[in-house]
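One-letter residues, chain by chain:
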Amino acid sequence: MFVHSTRLQSEDFSYQDLGVTWRLSSLFVQLIPFEKTHLTFCCIGTDRSTGDALGPLIGTWLREHPEFPYEVIGTLQQPLHALNLHQTIESLQARTLKPYVVAIDACLGRVEKIGHIVIEKGPLFPGKAVKKELPPVGDLSIKGIVNVGGFQEYSVLQNTRLQLPYDMGKVLSRALLLAWQRHQLKLINNRHDDSYNHNAWQ
């Protein structure tokens, strides 16, 4: 959980925008290297705080998809949070083949931005909103603004209605799964085109 601040190379969507799932999936197809087998989704947060449950909800839904082939760290059953984040990052960095990490977390922001999804290249900084010193994580950041920041952040998180992280999480998990499926379809179409061109030359 952190405070959102505007940075370069970011995209911003309201989860209620018309066609937002498709638009998000189009961006994810461009930004996420689905061709890599060492792709990891780090879904940060905890089910002990309604406002901070966005990451674990998304992680749970991704993990439950029977064919989703990538590593997912952080679910409602096994959350990725302040107590195990350091160890998890060290473990990822120690691998011979370092993974490309997509980091997902809830955040606080301006009142008019509540319900917005922000996609940024580069890491996110978990715990910043509640003054925790945690290591940055991710090659790509996906952040959902669940409430207003700047005052009594712990209380704000605890009193955020679960409905908002739930609805935002559904949109994001569907968009990620759709992006992966579109990537698969693109591979199939490319193979078909290559086969057709080869046969035409024959």
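Refer to the structure presented above.
So, here is what we can say about the structure in this document. Note that residues are indexed from 1 along each chain, following the sequence as it is written. Residue-level local features of this predicted model are given only where pLDDT is at least 70; pairs of side-chain atoms are given and counted only at 80 or more, and the full residue set underlies all totals for whole chains, interfaces and linings. Side-chain measures here rest on the full set of heavy atoms in the structure, leaving out hydrogens and waters.

## A short note on the overall build of the chain
- A tally of helices and strands in the chain yields five helices and seven strands.
- Secondary structure counts use DSSP, requiring at least four H or I residues in a row for a helix and at least two E residues in a row for a strand, with both numbered from the N terminus. Along the chain, helices and strands appear, N-terminal first, in the series β-β-α-β-α-β-α-β-β-β-α-α.
- Any two residues having at least one pair of non-hydrogen atoms within 4.5 Å are treated as being in contact. Pairs at least 24 apart in sequence give 74% of the contacts found in the chain among residues at least 6 apart.
- When the accessible surface of the chain is split by element, carbon and sulfur atoms take 52% of a total near 10,900 Å². All accessibility values rest on the Shrake-Rupley procedure with a 1.4 Å probe; residue burial counts only the protein chains present in the view.

## Some words on the environment of Leu134
- The residue Leu134 is located in the loop between strand 6 (116-121) and strand 7 (140-148) in this model.
- Exposure categories follow from relative accessible area, calculated using a 1.4 Å probe and restricted to protein chains: below 20% of the type maximum is buried, above 50% is exposed, and the middle band is partly exposed. Judged by relative accessible area, which is 17%, Leu134 ranks as buried.
- When the C-alpha positions of Leu134 and His86 are compared, they lie 7.4 Å apart, and in sequence the two are 48 residues distant.
- Other than its neighbours up to four places away in sequence, Leu134 contacts Ala82, Leu85, His86, Pro126 and Gly127.

## So, the pattern of salt bridges
- Salt bridge, as applied in this entry: a Lys or Arg side-chain nitrogen positioned within 4 Å of an Asp or Glu carboxyl oxygen. According to the stated counting rule, one finds five salt bridges in the structure shown.
- The partner of Arg95 in a salt bridge is Glu71, and the shortest N-O contact between them spans 2.9 Å. With a gap of 24 residues between them, Arg95 in the loop between helix 3 (85-93) and strand 5 (100-109) and Glu71 in strand 4 (residues 71-73) connect regions that are remote in the sequence.
- With relative accessibility at 29%, the residue Glu71 sits in the partly exposed group.
- Ionic pairing is found between Glu120 and Lys143, a salt bridge with its closest N-O pair at 2.4 Å. Pair noted here: Glu120 is in strand 6 and Lys143 is in strand 7, with a separation of 23 residues, a long-range link.
- For Glu120, a relative accessible area of 0% gives the class buried.
- With a relative accessible area of 3%, Lys143 lands in the buried category.

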